[in-house]
Structures are given as C-alpha cells and as structure tokens.
Amino acid sequence: MLTSMRESIRSLQAILWLVIAAFVVTIFYAWGKGGAANNPTGIVAWVDGDQLLYHDYQMELNNLLDSLRQATGGTVDPKLVEQLGLKRRALDNLISRRLLAHAASEMGLSVSDAELLDTIRAITDFQQDGHFEKRFYDAYLRRRRLSPDQFESNRRELLAAFHLSRLVRGTLTVSDAEVAEQYRLQGEKLKVSYCLLDPAHLEGQVKVDDAALTAYHAAHGERYLVGEQVKVATLAFNPADFEQEVKPTDDELREAYEMHLDRYEVPETVRARHILLRVAQDADPAKVKEVENKAIEILAQAQEGKDFAELAKAHSEDTTAAQGGELGEFHRGQMVPAFEEAAFAARAGEIVGPVQTRFGFHIIQIEEHKEAGLRPLEEVKEAVRAEVVKEQAKALALARASALQEAIADGGDPDKLAAEAKLTWETAGPLDATSVALPKPVVEAAIATAAGSVAPPVEANGLFYVVRTTERIPSRPKSLEEAKEAVRADLLKERAAALADETARQWTEAINNGTALATLAKGLGVAVVEPAPFTRTQPPAPLAAFGDVRKAFDLPKDRSALLLRGPQGSAVVEVTKHIAPDPAGLEAAKEALRNQLLTAKHQLAMEVLTARLQEEAQVKMNPKVVARILGSGGAAEM
C-alpha cells in the first residue's frame with residue numbers, strides 16, 4: 001500500500017488543474033469550534049479494523065454546522081442542512097481523515113506530544129488575553145461530554161492528516177506557462193451585444209385558424225380530458241370528542257414522560273450583567289487599544305469589589321446601562337459567539353473580560369449559571385397528561401373509525417352504523433383528483449376505492465374520515481368546443497417557440513455572414529442589449545437562463561455569433577470585440593495566480609489520494625448506526 005501511495009503522489013503532478021470542493025479545509029477545521037452533543041455510544045464504521053465512534057461523527061457534524069452558521073450569519077435552516085448533505089459529508093470526512101492518518105503513520109509522519117499540546121494551547125477559544133486557560137478547556141470538554149483522551153486523540157488524527165496533506169502539496173508545482181494561461185483566462189474580456197427572443201412576445205405574430213385547431217386537437221386529444229370523477233359519502237371522527245373517555249394511569253404518564261425526555265430538557269443558562277465600551281470594527285489600532293485599556297481599568301474596579309451595577313450605569317454604552325447592565329437569563333445561541341463562550345465558561349460570581357465582539361469590549365458579571373437538566377415528572381405532570389390524553393383520544397378515534405369501516409365492509413348497513421355512532425354521512429361530488437371540496441387525502445382515498453366500497457380511515461386536518469365511494473364516473477376526452485381555449489393556447493405557444501427558435505438560427509447565420517445584430521433586431525422590434533465587457537467568471541446575469549455564454553470566448557475566428565437555447569426561449573449573442581488582459585499586469589499577479597493554481601491542484605490531489613486509499617482499505621459500515629444518521633435510504637446507498 002505504501003509503495004502504491006508514493007507512486008500515486010508522484011503521478012499527481014501530471015493531473016490537469018480542476019477546481020473542486022474544498023475538502024482539505026473541512027479536514028483541518030479546528031475541533032475547538034464544535035457544538036454540544038449527546039455523544040451516544042455506538043460504532044459508526046470500521047476502517048482497516050479501527051473503530052469510528054458515534055461521538056467522533058457527532059463532533060465532525062458539529063464542526064460543519066458551525067462553519068455553516070458562520071456563513072449564514074448564525075442561523076442554520078434544517079432544510080439547508082439536508083440540501084447540502086452535511087450528515088453524509090460528516091461521515092465521509094470522518095472516514096477520509098482516518099484513512100489519511102493511517103497513511104501518514106505508514107510514512108512515518110508522527111505527531112509528537114509537544115506538537116499536540118502546542119496546537120491545543122493555540123486554540124483561541126481556550127485563551128484569555130492570548131494565554132491558554134485550562135478552565136476554558138475543561139469547560140469545553142464538560143459541555144460536549146468529552147474526555148481529554150477523546151479530544152486529544154481526534155486532534156492528533158487531524159494533525160497527522162495535515163502532515164500528509166503538506167507532504168502532498170510539496171510534490172506539486174505550477175509552471176510559468178500555466179500561470180500565464182490562467183492570467184489570460186481570468187483577465188480576457190468580451191464585448192457583446194445580445195437579443196432575447198421570448199416566444200411569449202412573438203405569439204402576436206402567429207396566426208391559427210379553426211382548421212389548425214381541429215387538426216391539433218385531433219393529434220393531441222389525449223391532453224384534453226375530463227378526468228375520472230367520483231361521488232362520495234364521508235363520516236368524520238374527531239379525536240377531541242373522545243378525550244372524556246380517556247383516563248391515563250400514573251404508569252402511562254411516567255412511560256410517556258420517559259419516551260419524550262427531550263420535551264422536558266432545561267438548557268444550560270446564564271444570568272448576567274455587562275458593561276459595553278463601544279468601538280467601531282474599522283477603528284484604527286490606537287483607538288481599539290485605548291478602549292481596551294479603559295475596559296481593563298473598569299474590570300479591575302469591579303474585581304476589587306465596586307458595585308457592578310453602578311459601574312455599568314456610569315460607563316456602559318449599551319441600552320442596558322440604566323438597568324445596571326442587566327441582561328437577564330439567556331441560553332446558548334442568543335448572544336454573539338465570543339460573548340457567549342466567555343459567559344458560559346465562567347462560574348457564578350465571576351467577573352470576566354474584556355471580551356471583544358463586533359460591538360466593542362464587554363465586561364461580564366455572571367450572577368447565576370445553571371447547568372442543563374430535566375424538569376421532573378411532578379413538575380410537568382399535567383402537560384404530560386394533556387399530551388397522553390390527546391394521543392390516546394386520537395388512537396381511540398382511529399379505532400372507532402376502523403371498526404365502523406370494517407363493519408360496513410362485512411355487509412353492515414352504513415346508515416344504521418353511522419346513526420349508532422351518532423354521526424351523519426356527508427355527501428360530495430362529482431370530484432376529480434384536483435377537487436378541493438374535501439381534503440386531499442379524502443379525495444385520493446375516494447378515487448382509489450371501487451364504487452360501493454368503503455376505504456380504510458384516512459387522516460386529514462386532525463380528523464379521521466371513513467370514505468365511501470358511491471359512484472364512479474369514467475374519464476372522457478373533451479370535445480374541441482370544450483377544450484378550444486386550451487388547444488388555442490397550446491398551439492400558439494408551440495408555434496411561437498418554433499418561430500423564436502428559427503428566427504434565432506437565421507440571425508446567427510446572418511451575423512456570421514456579416515449582418516449586424518442591431519439591423520436584424522430592428523426589423524422585429526426586439527431590444528438589443530449591450531452589457532459592459534465581461535470576463536469568463538462574471539458573464540451577464542440575464543443570459544444565464546439561456547445557456548453558457550462563456551462559449552463565446554472560444555468561437556472560431558470566422559464566426560462571431562453564439563446561439564443559446566433555454567426554457568425561456570433563445571438568445572442570440574454577437575461578439576463585437578475580444579479584449580486581451582494587459583501583459584504588464586502578469587508580473588504583479590503571478591504569485592497570487594501560482595498559489596491559486598497550487599491550491600486547486602492540492603485539493604484535487606487530496607481527493608484523488610483519498611479515493612485511492614479508500615479503494616485499497618477495508619471500510620465497513622455499521623448499518624444500524626448509519627441508518628440512524630442518514631435514514632434508511634441514505635444507509636442503503638453507502
């Protein structure tokens with residue numbers, strides 16, 4: 001394995017440059033930035049026999065979530081987490097890092113205890129005034145329920161992967177020719193004119209007569225149907241009507257409480273006061289130092305025993321000054337990160353600071369610090385009872401609805417059974433799949449049920465419905481008279497799209513034969529747009545919906561027109577001038593471009609190396625734990 005890996009590294013120098021996702025950045029994201037996690041036990045996977053534990057995965061996921069919070073201003077939308085596939089990425093990162101650490105070990109790239117200690121001491125979250133504070137480190141481990149061995153083991157693995165990455169980077173080079181070509185690609189500009197041919201704007205030039213409508217209807221009659229319809233009768237069972245019948249026992253209440261402990265968790269909170277000395281983010285260093293020194297003086301006064309509230313009234317520049325700096329009680333996620341870390345790392349009675357945030361310098365007095373916990377059952381018993389009553393009433397309503405449905409299916413009289421249940425059948429219809437007269441699940445159940453039959457109960461809008469399909473009306477084609485307006489609209493749209501496409505094709509040929517776009521557009525009354533010259537990386541936004549306008553940079557010398565086709569129609573682009581970058585600027589940009597290309601090659605090299613290592617390694621997933629992480633569908637794809 002070691003030999004093949006070394007050969008892979010040497011061969012990476014021949015790989016073409018390609019921009020890929022910043023894998024390495026994620027690998028080296030500091031563990032000092034993770035969020036709190038329950039860290040349940042469990043093995044996620046085995047890599048060459050080594051165990052990857054659930055708490056390792058959770059910490060990796062928290063690192064990615066923190067990066068996302070920084071990018072989105074402190075909030076994380078669960079939908080965005082799903083779209084970005086962060087759970088899978090965290091698992092992939094964890095496996096990749098272990099593979100790289102193994103490879104580093106095989107190559108003798110060790111991490112000394114001194115290096116490990118130095119990197120931990122360098123984490124800013126563990127420092128105050130530039131010096132490592134063990135109490136911050138210990139508080140961090142307590143909040144995340146990590147042992148020092150767990151944290152340091154993962155930190156050591158990060159460093160081993162970093163050493164291997166640095167070795168790979170050292171094998172890569174960027175030639176002067178590559179730099180010059182990158183300078184040309186980034187700096188070359190194009191001057192163009194373009195027209196957007198929207199079919200909707202050309203419909204006025206399209207004519208259709210009755211003969212055309214008749215022919216189009218005959219050819220596409222399957223598009224114009226009166227869908228299958230049903231007539232239905234429904235009974236609605238409301239769970240609220242059954243709540244009086246529910247009498248939960250103490251054992252049931254305790255069981256419900258224990259099954260939903262997350263509902264009764266009390267988050268870690270701090271009650272504090274603060275003094276804020278404001279300083280602008282773009283203030284000069286001398287001003288920042290002046291404000292910081294003042295904050296240090298006030299901190300000393302507070303720590304010597306002066307009344308904090310009075311100091312806040314005298315010096316704080318925050319709106320809370322009049323209340324003695326009172327902030328009240330808050331939990332994590334409510335304050336800016338630096339302020340929050342300092343406050344939650346301190347004990348009740350402590351005065352800490354100065355803490356710098358985007359607002360300025362803060363001095364913080366911790367009045368109370370409550371650890372996370374659970375509200376006892378006795379305290380929340382009535383809330384638990386209300387939830388149990390609702391759940392059991394819902395189950396009872398479903399059971400009664402199911403029993404009535406089964407009785408009808410076994411030949412019972414629907415009207416008599418409904419009367420016994422003190423309910424009345426409500427009729428509706430004809431209904432098709434688009435009808436909104438009844439909730440969608442009810443309509444779907446009715447359409448799926450044979451005439452004269454009753455469907456199993458369906459839930460909609462908090463009720464359970466027994467649905468009886470009394471009549472089915474088959475679908476049929478619409479006559480031309482019924483569908484005439486829809487046929488006309490479709491035919492106009494189709495012909496306008498064909499006209500736009502053909503016009504764009506003819507214009508492209510005409511421009512390549514010497515006719516100006518402005519001349520062609522004038523005849524059709526279409527606007528000609530002349531954007532500012534643009535580079536490959538910043539093409540005109542309006543053209544993005546029609547295709548890749550960057551292809552215009554590579555047109556043959558005897559052609560100056562580009563045709564783009566998109567869902568909104570066609571765009572004709574006329575290239576009027578190629579503007580080469582100033583050769584004199586190459587020298588000044590050379591080092592930045594070289595680093596840019598080297599970073600891109602490095603990213604690709606690490607991806608290739610990691611993929612090669614994964615091919616050669618034995619990676620085995622724990623299907624149960626992976627299913628819990630990704631869901632059954634995601635686990636099946638691993």
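Residues numbered from 1 in each chain as written. Predicted model: local features only at pLDDT ≥ 70, side-chain atom pairs only at ≥ 80, totals over all residues. Heavy atoms only, no water.

Focus: the overall build of the protein chain
- What the protein chain contains, in helices and strands, is 22 helices and 20 strands.
- In terms of principal-axis extent, the alpha carbons of the protein chain reach across some 90 × 85 × 65 Å.
- The proportion of buried residues among the 638 residues of the protein chain is 42%.
- Per element, the accessible surface of the protein chain, about 34,400 Å² overall, is 52% carbon and sulfur.
- Both charge centroids of the protein chain, one from 75 positive and one from 94 negative side chains, sit 3 Å from each other. (Helix = DSSP H or I, 4+ residues; strand = E, 2+ residues; numbered from the N terminus. Buried < 20%, exposed > 50% of the residue type's maximum accessible area, 1.4 Å probe, protein only. Areas by Shrake-Rupley, 256 points an atom, 1.4 Å probe, with all protein chains shown as cover. Lys, Arg positive; Asp, Glu negative; His and termini not counted. Charge placed at Lys NZ, Arg CZ, Asp CG, Glu CD.)

Things to note about the confidence of the model for the protein chain
- Taken as a whole, the protein chain shows an average pLDDT of 87; of its residues, 92% reach a score of 70 or greater.
- Here helix H2 (residues 23–27) is the element of the protein chain with the lowest mean pLDDT, 34, and strand E7 (residues 229–237) is the one with the highest, 96.
- Low confidence marks residues 1–40, where pLDDT is under 50. Its contacts with residues over four positions away, or in another chain, come to 103 contacts. (pLDDT = per-residue confidence, 0-100. Contact = heavy atoms within 4.5 Å.)

Re the packing of aromatic side chains
- Per the stated rule, a full pass over the model turns up twelve aromatic pairs.
- Considering the side-chain rings of Tyr54 and Tyr57, the 5.7 Å spacing of their centres and the 55 degrees angle between planes classify their relative orientation as tilted. Taken together, the residues Tyr54 and Tyr57, both in helix H3 (residues 54–72) and three residues apart, mark about one turn of the helix. Here the two residues Tyr54 and Tyr57 agree in accessibility, since each one is buried.
- Look at Phe534 and Phe553: their rings are 5.9 Å apart centre to centre, the planes differ by 85 degrees, and that puts the pair in the edge-to-face class. With Phe534 in the loop between helix H20 (517–524) and strand E18 (561–566) and Phe553 in the loop between H20 and E18, this residue pair connects regions lying 19 residues apart in the sequence.
- Accessibility expressed as a relative area gives 5% for Phe553, which makes it buried.
- A connected cluster of aromatic rings, assembled from ring pairs, spans Phe126, Phe132, Tyr137, Tyr140 and Phe151.
- The ring of Phe344 is capped by Arg332, whose NZ or CZ atom sits 4.3 Å from the centre of that ring.
- The cationic tip of Lys620 hangs over the ring face of Trp46; the distance from NZ or CZ to the ring centre is 5.5 Å. (Phe/Tyr/Trp six-rings, centres within 6.5 Å; stacked < 30°, edge-to-face > 60°. Lys NZ or Arg CZ within 6 Å of the ring centre and 35° of its normal.)

A word on the pattern of salt bridges
- Using the criterion set out here, one finds 44 salt bridges in the structure.
- Here Asp113 ties to Arg156 by a salt bridge, and the two come within 2.9 Å at their closest N and O atoms. With Asp113 in helix H6 (residues 113–121) and Arg156 in helix H8 (residues 148–170), this residue pair connects regions lying 43 residues apart in the sequence.
- Take Asp113: its relative accessible area is 57%, and that puts it in the exposed class.
- We note a salt bridge from Arg565 to Asp501, for which the minimum N-O separation is 2.4 Å. Here Asp501 lies in helix H19 (residues 480–512) and Arg565 lies in strand E18, a separation of 64 residues in the sequence.
- The class for Arg565 is partly exposed, based on a relative accessible area of 48%. (Salt bridge = Lys/Arg side-chain N within 4 Å of Asp/Glu carboxyl O.)

Quick look at the pairing of strand E15 (residues 454–460)
- Buried residues dominate E15, accounting for five of its seven residues.
- In the sheet, E15 pairs with strand E16 (residues 463–473) via five bridges, with the strands oriented antiparallel. Following the sheet pairing, Ala460 is matched in E16 by Leu463.
- Between the end of E15 and the start of E16, which pair antiparallel, lie two residues, with Asn461 showing a positive phi angle near 55 degrees. (Pairing = 2+ DSSP bridges.)

Here we look at the nonpolar core
- Judged by nonpolar contacts, the single largest core of 54 residues is most densely connected at Val44, Tyr57 and Phe151.
- Here this core takes ten residues from helix H5 (residues 86–106), the largest share from any one element.
- Look past the residues within four positions of Val44 in its chain and what remains in contact with it is Leu52, Leu53, Tyr54, Tyr57, Leu91, Met621, Asn622, Val625, Val626 and Ile629.
- Formed by 17 residues, the second largest nonpolar core is a distinct cluster that contains Leu235, Ala397, Ala401 and Trp425. (Core = buried A, V, L, I, M, F, W, Y, C linked by side-chain atoms within 4.5 Å.)

Some words on the sheet that holds strand E9 (residues 269–278)
- Spatially, four strands are ordered E10-E9-E12-E11 in an open sheet, and the strand pairing comes out antiparallel. At either end of the open sheet lies a strand with only one pairing partner, and these are strand E10 (326–331) and strand E11 (351–357). Averaged over all neighbouring strand pairs, the angle between strand axes comes to 35 degrees, with direction disregarded.
- The pairing of E11 with strand E12 (residues 360–370) spans five bridges and is classified as antiparallel. Residue pairing across strands places Thr357 opposite Gly360, the latter belonging to E12.
- Packed on one face of the sheet, helix H14 (residues 308–315) meets E9, E11 and E12 and runs near 35 degrees to E9. (Axes fitted to C-alpha atoms, helices over the stretch in contact; angles between N-to-C directions.)

Brief notes about the packing of helix H7 (residues 134–144) against helix H15 (residues 337–345)
- Contact pair H7 / H15: the axes reach a minimum separation of 9 Å and the direction vectors enclose 90 degrees. One finds that H7 runs roughly perpendicular with respect to H15. Between H7 and H15, the contacting residues are Arg135, Phe136, Ala139, Arg143 and Arg144 on the first element and Glu341, Phe344 and Ala345 on the second.
- When its residues are assigned to classes, the contact of H7 with H15 shows four nonpolar, no polar and four charged. (Parallel < 35°, antiparallel > 145°, perpendicular 65-115°, else oblique. Nonpolar A, V, L, I, M, F, W, Y, C, P; charged D, E, K, R; others polar.)

Looking at the environment of Tyr264
- Within the secondary structure, Tyr264 is located in the loop between helix H12 (250–259) and strand E8 (265–266).
- With a relative accessible area of 7%, Tyr264 lands in the buried category.
- Between the C-alpha atoms of Tyr264 and His131, which are 133 residues apart in sequence, the distance is 39 Å.
- The residues contacting Tyr264, other than those within four sequence positions of it, are Tyr257, Gly373, Leu374, Arg375, Val380 and Val384.

Topic: the pairing of E12
- Along E12, eight of the eleven residues are buried, which leaves the element largely enclosed by surrounding structure.
- By the bridge criterion, ten bridges tie E9 to E12 in an arrangement that is antiparallel. Pairing of Ala272 across the sheet is with Ile366, part of E12.
- Count of turn residues in the E11/E12 antiparallel hairpin: two residues.

Describing the sheet that holds strand E19 (residues 569–579)
- The sheet built from three strands is open, its strands ordered E5-E19-E18 with antiparallel pairing. The open sheet has two edge strands, strand E5 (189–197) and E18, and neither has a second partner. Pairs of neighbouring strands in the sheet enclose a mean axial angle of 25 degrees, with direction left out of account.
- Examined bridge by bridge, E18 and E19 share six bridges and lie antiparallel to one another.

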